[in-house]
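# Understanding the architecture of this molecule
Now for the letters of each chain:
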Amino acid sequence: MNQSRSSRQVPFVDLSCQYASIQKEIDDAISHVIHDGWFVGGKEVAAFERNYAQYTGVKYCLGCANGSDALEIALEGIGVGPNDEVIVPAMSWIATSGAVGRVGAHVVFVDILPGKFTIDPQDIVRKITHRTKAIIVVHLYGRPAEMDEILEIARENNLLVIEDAAQAHGALYKGKPVGSLGHVGIFSFYPSKNLGSFGDAGCIVSNDGDLITKCRWIANNGQPERNVHLIEGRNSRMDAIQAAVLNVKLRHLPLWIAQRSQKARYYIDALGELPIELPSMDKHSEHAFHLFIVLLDNRDHVQQYLTECGVQTQIHYPSALPMLKPYGLSSDEYPVAKMLAERCISLPFYPEIPENDMDHVIDQLKHIV
Ligand SMILES: *Cc1c(COP(=O)(O)O)cnc(C)c1O
């Protein structure tokens, strides 16, 4: 390895460029909250809920503390509990399946589609029982799942559909924002997501006003107004500083999604000749490219080489969900999720990533693959 290769560092993600591009707007918004002195809920959060509902094309949005809570509260809100089964894709972040267990219901895993990596509608049909209550769909990596088929299966079997859109802000399915297609959707605003706060935050979106009202009570200790407690709830409120940051960032989100798409194309064009599997796209939907994932043989060896060349990569995720300790299932029933876990690697990727950095990644990949 020559000197220039080893000295160049390409970070997996760099959040500082985004802050630098909107520093004054962000600093003013945060300072405003500090002077106002209202730190939890309040005007900023209400404004964000209106803005994000509009962005997502739904009637209602409830800001809460993080995406994991959003899922748990949404499940509780639609009445999922002990004795219910909830269908979950075998590949996602553990928060997706964890929320099901947290409300006392039983997780039923379903494999993902080859090439698309979202939940396999035919495998959903095979796993439905008289106890199945809901399906959680994950728009994994920012790619919309096969919503028409899934919604049809849900209709036929009287099931509710929850969209885990934590990785898919800005993704469109047949022209409609993800999160607005099922009965209820959730988003995470963890700092590195497509829309990220300066800490933890999340939200629930739906056109069902009664559901959002119930979720609002759950997330605020069962309290519709001060000293009135209708149910036992919990605290999962959104901070005003996070809402203020998100209100500023939401104005820029369409540009950042367009940059993600353009940078993804840059990688795809440059890597097309290599024997690796690149992200595929559907004509009818728009991928939001939260992550840029490729599949290749000898993944661990390639990752090691890239690390030595100063290229930071990640694995999303090294194990399919059913094989994780809380579930302890065998991989036999989930061959696609298992294959993905063994072969995927996430390349450095964010809206502002310099083309020079991408060129370095591309050169090293060409060398090793
Ligand atoms: C990030 C993420 C979540 C959880 O969001 P947090 O805000 O980190 O709790 C849930 N599901 C998926 C698919 C995610 O990527």
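Residues numbered from 1 in each chain as written. Predicted model: local features only at pLDDT ≥ 70, side-chain atom pairs only at ≥ 80, totals over all residues. Heavy atoms only, no water.

### Examining the pattern of salt bridges
For the structure on display, the rule yields 19 salt bridges. D28 is paired through a salt bridge with K24; the nearest N and O atoms lie 2.6 Å apart. One end of the pair is D28 and the other is K24, both in helix α3 (residues 23-36) and four residues apart, which spans about a single turn. Owing to a relative accessible area of 40%, D28 belongs among the partly exposed residues under this scheme. (Salt bridge = Lys/Arg side-chain N within 4 Å of Asp/Glu carboxyl O. Helix = DSSP H or I, 4+ residues; strand = E, 2+ residues; numbered from the N terminus. Buried < 20%, exposed > 50% of the residue type's maximum accessible area, 1.4 Å probe, protein only.)

### Regarding the sheet that holds strand β6 (residues 172-173)
If you trace the three strands from one edge of the open sheet to the other, you get β7-β6-β10, paired in antiparallel fashion. The sheet terminates laterally at β7 (176-177) and β10 (285-286), the two strands that pair on one side only. (Pairing = 2+ DSSP bridges.)

### Here's the deal with the environment of E85
Residue position: E85 is located in strand β2 (residues 85-89). Overall, E85 belongs to the buried group, its relative accessible area being 10%. With 23 residues separating them in the primary sequence, E85 and V108 have C-alpha atoms 6.5 Å apart. Setting aside anything within four residues of it in sequence, one finds E85 in contact with H106, V108, T129, R131, T132, K133 and A134. A distance of 2.8 Å separates the side chain of E85 from the side chain of T129, its partner in a polar contact. (Contact = heavy atoms within 4.5 Å. Polar contact = N/O pair within 3.5 Å; in protein donor to acceptor, adjacent residues only side chain to side chain.)

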